[in-house]
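These are the residues of each chain, in order.
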Amino acid sequence: GGRGPVNAKGLDFYDRLIDELLGNGITPYVTLFHWDTPQPIEDEGGWPVRGTVDAFGAYVEAVAGRLGDRIGHWITHNEPWVVSWVGHGWGHHAPGRTSESDALATAHHLLLSHGRAVQILRELSPKSEVGITLNLDYAYAAGDDDGDEQAAAWVDGFHNRWFLDPIFKGAYPADMVEAWRDLLPEVRDGDLETISAPIDFLGVNNYTSPLVAADTDGSRSRIVRRADVDRTDMGWEVVPDGLRDLLL
């Protein structure tokens, strides 16, 4: 139901699963949210609504209260950029919304709920390590001119810094705040302090590294397809140096 009584059979299942993993020498890394918003929460407005942060906190309390004595590693969210933009900005994933303001509100509330979860897990699972997993990529400028460099910086801000900066610096990137100033959700006093609660590890999912150029049609960037690289079955370019450059 998204709120209220907990599904006991669900917790029983994970109770048994974790005991089996530990009994066989396998270390579980528990991801608390991988895009599976309860339908009643979505019906109330979903992640663009600040109240979902409270619902997520209650869920974390329930899970950590039952499993926190055996879990050594928690991941609060998997790829919040995808939830925000692919689900709420572009409508390709559930819940199928096409609103930039909804995407930005979702991003803030996911980050805020991450920070709240860190606090809860520190209390209920004090011997564990806590982190978050972000999908990050290294945007290469297609050329040396300022337009291409600015386009790459925009993609870096859009894909990476909008999530990395509040977590590690306690602030959203100034250039992106300016670009999105008319679309931003309410950020209350204390939100960024909560979001930037210290974490123990960062999960990095890296699929490709785009080649980016200025867009002559008015958009901030466009992707230039490389001719000399392998591609995955999904069409993503395989750019091994991109992972190295991203991590550096």
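Structure: see above.
In short, a report on the structure. (Residues numbered from 1 in each chain as written. Predicted model: local features only at pLDDT ≥ 70, side-chain atom pairs only at ≥ 80, totals over all residues. Heavy atoms only, no water.)

### Some details on empty space enclosed by the protein
Alright, step 1. Per the stated rule, a full pass over the model turns up 1 cavity of 30 Å³ or more.
Alright, step 2. Taken as a whole, the largest cavity spans an internal volume of roughly 30 Å³.
Alright, step 3. Lining the largest cavity are Glu79, Pro80, Trp81, Leu134, Asn135, Leu136, His159 and Phe163.
Alright, step 4. Among the elements of the structure, helix H4 (80-89), strand S3 (129-135) and helix H6 (146-169) are those that each provide at least two residues to the lining of the largest cavity.
Alright, step 5. Its residues assigned to classes, the lining of the largest cavity shows 5 nonpolar, 2 polar and 1 charged. (1 Å grid on protein atoms, 1.4 Å probe; cavity = no way out; pocket = protein on both sides within 12 Å on 5 of 7 lines; lining within 4 Å. Points joined across faces, edges and corners; volume = space filled by probe spheres on them. Helix = DSSP H or I, 4+ residues; strand = E, 2+ residues; numbered from the N terminus. Nonpolar A, V, L, I, M, F, W, Y, C, P; charged D, E, K, R; others polar.)

### Remarks on the sheet that holds strand S1 (residues 29-33)
Alright, step 1. Pairing within the open sheet is parallel, and its 4 strands lie in the order S1-S2-S3-S5. On the outer flanks of this sheet lie S1 and strand S5 (201-205), each paired with one strand and no other. The sheet shows a mean angle of 30° between the axes of neighbouring strands, taken without regard to direction.
Alright, step 2. The pairing of S3 with S5 spans 5 bridges and is classified as parallel. Counterpart to Thr133 in the pairing with S5 is Gly203. (Pairing = 2+ DSSP bridges. Axes fitted to C-alpha atoms, helices over the stretch in contact; angles between N-to-C directions.)

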